[in-house]
Amino acid sequence: MRRAAKLNISLFSRVKSSKNLLPVIILAYLVFIFFWKFFLKNLVPVPTDITVGMYFPWLDYKWGFEAGVPVKNSILSDVVSVLYPIKSLAMDMLKNGKAPLWNPYMFGGYPLLANFQIGIFNPTNILYFFLPNLTAWSLQVVMQSFLAAIFTFLFLRHLKLNRFACLLGAVTYTFSGSNIIWLEWNAHTWTAAFLPILLFLTDKYFQQPQKQWGLLLTLAVTCQIFVGYPQMAMYSYGAMFLLVVLRHKIWQKATIFWLGFVALGVILAGIQLLPAAELLSTSQRQHEVLEKDTANLSWMGLISLWAPDYFGNHSTLNFWGIGNYTNNVGYTGIVAIIFSSIAIWWRRKEIWAKYFLVLAVVSLLFSLPTPFIDLFRQLKFIGFAAASATRILFLFNFSLACLSAMAMDYLIYKKPEWRWIRATYLPVIVLSAFFVASGISYYFYRFSGETVTGFWGPANLRVGLRNLAWPFLITLVSGGLLILANLSHRVKKMVLVGFFGLTAVELFRFGWKYLPFSRAEFLFPSTPIIDYVKKQPGIFRVDGGDAIPMNMWLPYQMESLAAYDAVYPVRTAKFISAVNGGSIQNPQGRHGSLHRYDSRLLDLSNVCYFLAVKNDEQLRPDYDGSPVGKFQLKKLVPVFEDKRVVVLKNNDCLPRAWMAGDYEIKTGQEIIDRLVDPSFDLSKKVILESEPKVGPAGKQTGGKATITWRQNEANQQLIEVDSADDGFLVTSDSFYPGWAADVDGQATEIYPADYNFRAIYLPAGKHLVHFNYQPVSVTMGMRLSLVGLIICGGLLTYGYFKKHKSA
């Protein structure tokens, strides 16, 4: 009997464990289906086609295609021009045993570890140590979706919903607009994936205020910070706080401890947060403001919640909406809209339905151009004026996904009456009819004989009408399924499975249409132009001109002053503005491009080579053409060409480091005005911002000096200098807190020079100069994280001894 009992218990445990494992298998299978091109066709979820299909010099080659490589979606260019190159740089440094502190290839040098979006401390970065960078990156993209699905399922099961309903909610959130549109960025969707587990652990802690739930919450908070997108992490904290306010008594002891565990998670992430805070506080972000069209979801854009392609799609080259397609992140699917309305009506008295409704409404209102949001942006709180408000719509996606699961759960266990279906479904039909009517309005224009152009012209409205067909069809099918659900219990089961399939179909179609899967060999291949520039002797910077875009020099380990990133030092932003003929009072935005090649500031910045596309008289790329416009300068001399691209050498380019025997003291715009003055000798004088503690004995004319670079790495430089006179060693590398210098082993002060660069005093003679990047923010961040670890260890130890003492 005992053996039989043990056998029964064993079989029961296996059945139970397999039952628990089945949803995981189903979600893994759906993720596999979505990424089938990666797993079965060896195509990577990275828009590598953009590199070779849009820009010179790669555009001069066909790469196996008759007419060149077709580009699926150009709006994803940030993935290959910013995120993947910088992440690869950081991982390569780690694999080579070097701390990823400084990026010397962009903006004349700027902090690397402080760059939040590349997620240097993402736990899954371990993949890069065993796999090629592109493979590791691709697997991380896949893992975002799987993690979002598992965490959402776990959260919905916590709400005691049916497993099938939880699967619907997990699929809806995982493949909703926000998670799909930002999927290949490999940062935003990571952050969004942690939202459900944060809510789960928060609610679990208030139900059972025990240390294990609090410490798991701490770990989840830390991981969300580490994976990469701070703006969405802050929105997650707002969602957590709203949950505490609506579902629990906020004025209680548990709330204080909950806040403590959240704060402990932030402390653990100090190694990331303090360097990032230092960069943010000294960045152009504090001066940059995004236009409303880019930052907000327009009121007209609300149609995208139902018909995401009404204003076209970048992948089909017919987008005509306001801003860009990334503002369509509110799309959660038509089934989700209908099911959410059902849940709000039938389960409106339940606290979870109220919570998700409030969260959806608040997040949607926050994304729209309301006066409240305008006021919030004017405050410029931690750079939010330069942030896109639509990032908050991942909360809207999540709310509708959870409401959909609640509706599915209700349909599984209840038999709703037709009159209630009419109350929830018919308004959606009316809304659909309204949108269809607006889409066909161009026919009336044509019938009346009027010629309508511009935003609401027939060409645009034709696109809108065509792209209303699919959502209208999904709406009608959903209505038919709801009617069938009332026929019988057996039919209802089939209908609910049909809704699950319909959700997967509409969201997968949305994702597959938008996201490219490309060939790995398209990622930064070499060309004769690139090979030529790389082989040039010495240390120098380049500018891609109208060929290679900003940042795409980085994979080839070539340096540039021009670059593009969301956050970089404001000194550099002001200097680039001055290069382009502007004032330092108006810093350059995140696109730090160079326009004025005749500027002396470019010569000072060691920009020695430029790329130019040869054009004909109509300014079209031509094999027999020549560079035009800003390239037509005496100092820019052609030295190499291949097909339609030419390399120009700047004969006025100053070396990366030189000895200045004389100096002047100026501040602000006065520095720029003096530097651009033709009478000022850039190679013999330097402008400092305060009187140095030591300086040349009298004004030197700058005798002979021999400068030899012994080492030029990201975090440190070693320069041998033999100078006949006293003076200042000037390097055209960005001045930034954290850089230290020593001469022959003795520490010396670094002065901001020529507004954006570094200078140290050197007496005459032969010296060995060592520059080293050792930021205090990183040291303090490490200590803060260590304090967090000690606190966590103390809590675990206390809990262990308390448990064993009571036992």
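Residues numbered from 1 in each chain as written. Predicted model: local features only at pLDDT ≥ 70, side-chain atom pairs only at ≥ 80, totals over all residues. Heavy atoms only, no water.

## Looking at the state of the cysteines
Throughout this description, disulfide means a covalent bond between two cysteine sulfur atoms. As a reminder, the rule being used: When two cysteine sulfur atoms lie within 2.5 Å, the pair is treated as a disulfide. Secondary structure counts use DSSP, requiring at least four H or I residues in a row for a helix and at least two E residues in a row for a strand, with both numbered from the N terminus.
The tally for this structure, following the rule as stated, stands at one disulfide. C608 shares a disulfide with C653; S-S distance 2.0 Å. Around the S-S axis, the bridge from C608 to C653 shows a dihedral of about -45° and counts as left-handed. Residue C608 is located in strand β8 (residues 607-613), and its partner C653 is located in the loop between β10 (645-650) and β11 (657-660); the two are separated by 45 residues in the primary sequence.

## With respect to the pairing of strand β20 (residues 757-762)
Under the convention used in this document: Partly exposed describes any residue whose relative accessible area lies between the buried limit of under 20% and the exposed limit of over 50%, with all areas from a 1.4 Å probe on protein chains only and scaled to the type maximum. Here a strand pair is declared whenever DSSP counts at least two bridges between the two strands.
Summarising burial for β20: six of the six residues are buried, a large majority. In β20, alternate side chains face the same way, and those of F757, A759 and Y761 on one face and R758, I760 and L762 on the other are all buried. Strand direction decides the pairing type here: strand β16 (residues 727-731) and β20, joined by five bridges, are antiparallel. Looking across to β20, one finds that F728 is bridged to Y761. Where strand β19 (residues 751-753) meets β20, three bridges bridge the pair, whose relative direction is antiparallel. Paired with P752 across the bridge in β20 is R758. The hairpin formed by β19 and β20 contains three residues between the paired strands, and D754 there has a positive phi angle of roughly 50°.

## Observations concerning the packing of helix α11 (residues 230-247) against helix α16 (residues 351-367)
This is how it is decided: All axes are obtained by fitting lines to C-alpha atoms, using only the stretch in contact for helices, and the reported angles, taken between N-to-C directions, cover 0 to 180 degrees. Left-handed describes a crossing in which the near helix is turned anticlockwise from the far one by less than a right angle; the clockwise case is right-handed. Any two residues whose heavy atoms approach within 4.5 Å are treated as being in contact.
One way to put it is that α11 packs onto α16 with a least axis distance of 10 Å and a crossing angle of 140°. In the crossing of α11 with α16, the sense of the turn from one axis to the other is right-handed. Each of Y235, A239, L242, L243, L246 and R247 in α11 lies in contact with α16, whose residues at this interface are I351, W352, Y355, V358, L359 and F366.

## Considering the side chain of T255
Note that T255 resides in helix α12 (residues 253-268). On the basis of relative accessibility, which here comes to 6%, the residue T255 falls in the buried class.

## Details of the packing of aromatic side chains
Condition: Geometry of aromatic contacts follows a simple scheme: Phe, Tyr and Trp rings, the Trp one being its six-membered ring, pair when their centres are within 6.5 Å, and the pair is stacked under 30 degrees between planes, edge-to-face over 60, tilted otherwise. For a Lys NZ or an Arg CZ to count as sitting over a ring, it must be within 6 Å of the ring centre and within 35 degrees of the ring normal.
A complete count under the given rule lists 53 aromatic pairs for this structure. Relative to W213, the ring of F200 lies with its centre 6.1 Å away and its plane at 90°, an arrangement referred to as edge-to-face. With F200 in helix α9 (residues 195-207) and W213 in helix α10 (residues 211-227), this residue pair connects regions lying 13 residues apart in the sequence. When its relative accessible area of 17% is taken as the criterion, W213 is described as buried. Measuring from centroid to centroid gives 6.0 Å for F206 and W258, while their planes differ by 50°, and the two rings are tilted. Residue F206 is located in helix α9, and its partner W258 is located in helix α12; the two are separated by 52 residues in the primary sequence. Among the residues examined, W258 registers a relative accessible area of 3% and is labelled buried. Members of the aromatic cluster, joined through ring pairs, are F34, F35, F175, F508, W512 and F517. The ring of W739 carries R758 above its face, with NZ or CZ at 3.8 Å from the centroid.

## Some remarks on a nonpolar patch on the surface
Basically, it comes down to this: Residues enter patches when they are more than 30% accessible in relative terms and free of salt bridges; like-charged ones are connected within 9 Å and nonpolar ones (Val, Leu, Ile, Met, Phe, Trp, Tyr) within 5 Å. Residue burial considers only the protein chains on display, and all accessible areas are found by Shrake-Rupley using a 1.4 Å probe. Whenever Lys or Arg places a side-chain nitrogen within 4 Å of a carboxyl oxygen from Asp or Glu, that contact is recorded as a salt bridge.
Together, F241, V245, L246, I351, V358 and V362 make up an exposed nonpolar region whose accessible area comes to about 430 Å². Its location among the elements puts V245 in helix α11. Among the residues examined, V245 registers a relative accessible area of 39% and is labelled partly exposed.

## Here's the deal with the sheet that holds strand β15 (residues 716-723)
The strand order across the open sheet formed by five strands is β14-β15-β21-β17-β18, and the pairing between neighbours is antiparallel. Strand pairing shows two members of the sheet lacking a second neighbour, β14 (705-712) and β18 (746-748), which therefore form its edges. The sheet shows a mean angle of 25° between the axes of neighbouring strands, direction not considered.

## Focus: the sheet that holds strand β9 (residues 636-642)
Taken in spatial order, the four strands line up as β5-β8-β10-β9 in an open sheet, and their pairing is mixed. Each edge of the open sheet carries a strand with a single partner, namely β5 (541-543) and β9. Sheet twist, expressed as the average angle between the axes of neighbouring strands with direction ignored, equals 25°. Bridge analysis of β9 against β10 gives six bridges, and the strand direction is antiparallel. By the bridge assignment, L636 is partnered in β10 with N650.

## Here we look at the environment of F757
Counting through the fold element by element, F757 comes out in strand β20. Looking at F757, the relative accessible area reads 2%, which means it is buried. Separated by 153 residues in sequence, F757 and L604 place their C-alpha atoms 9.7 Å apart. Beyond its immediate sequence surroundings of up to four residues, F757 is in contact with F575, L604, S605, T731, S732, D733, F735, Y751 and P752.

## Concerning the side chain of Q272
Locating Q272 in the fold gives a position in helix α13 (residues 270-281). Ignoring sequence-local partners within four residues, the contact set of Q272 consists of L113, A114, F116, I120, F121 and F226.

## Side note on the nonpolar core
To be explicit about the condition: To qualify as a nonpolar core, a set must consist of buried Ala, Val, Leu, Ile, Met, Phe, Trp, Tyr and Cys residues joined through side-chain atoms within 4.5 Å.
Counting 252 residues, the largest nonpolar core has F155, F339, F356 and L729 as the members making the most contacts within it. If one sorts the elements of this core by residue count, helix α18 (residues 393-413) sits on top with 15 residues. Setting aside residues up to four positions removed in sequence, F339 forms contacts with L168, L403, S404, A407, M408, L411 and F499.

## Regarding the pattern of salt bridges
Under the definition given, this model contains 21 salt bridges. Residues E521 and R519 are paired through a salt bridge, measuring 2.8 Å at the closest nitrogen-oxygen approach. Salt-bridge contacts for E559 lead to R656; the nearest nitrogen and oxygen are separated by 3.0 Å. Taken together, the residues span a long stretch of sequence, with E559 in the loop between β5 and β6 (563-564) and R656 in the loop between β10 and β11 at a distance of 97 residues. Sharing partners across several salt bridges, the network here consists of R541, E559, R656 and D733.

## A word on the pairing of strand β13 (residues 685-688)
Short version of the rule: Here the term right-handed applies to a crossover when the path leading from its first strand over the helix to its second strand runs clockwise, the strands being oriented away from the viewer.
The alternating pattern of β13 places K685 and I687 on one face and V686 and L688 on the opposite face, and all of these are buried. Here strand β12 (residues 662-665) pairs with β13 via four bridges, running parallel. Within the sheet, the bridge partner assigned to I665 lies in β13 and is L688. Each parallel crossover has a hand, and for β12 linked through helix α27 (residues 669-675) to β13 it is right-handed.

## Topic: the packing of helix α5 (residues 133-158) against helix α6 (residues 163-174)
How two helices sit against one another is set out by the angle between their axes and by the gap between those axes. Under the convention used in this document: Here the word oblique covers every angle except those under 35 degrees (roughly parallel), over 145 (roughly antiparallel) and from 65 to 115 (roughly perpendicular). Basically, the charged four are Asp, Glu, Lys and Arg, the nonpolar ten are Ala, Val, Leu, Ile, Met, Phe, Trp, Tyr, Cys and Pro, and anything else, Gly included, counts as polar.
Axis separation between α5 and α6 bottoms out at 8 Å; the angle between their running directions is 140°. Judged by the inter-axis angle, α5 sits oblique to α6. By crossing handedness, the relation of α5 to α6 is classed as right-handed. Within the contact between the two elements, α5 uses S145, A148, A149, T152, F153, L156 and R157 and α6 uses R163, C166, L167, G169, A170, Y173 and T174. Taken together, the residues that form the contact of α5 with α6 break down as eight nonpolar, four polar and two charged.

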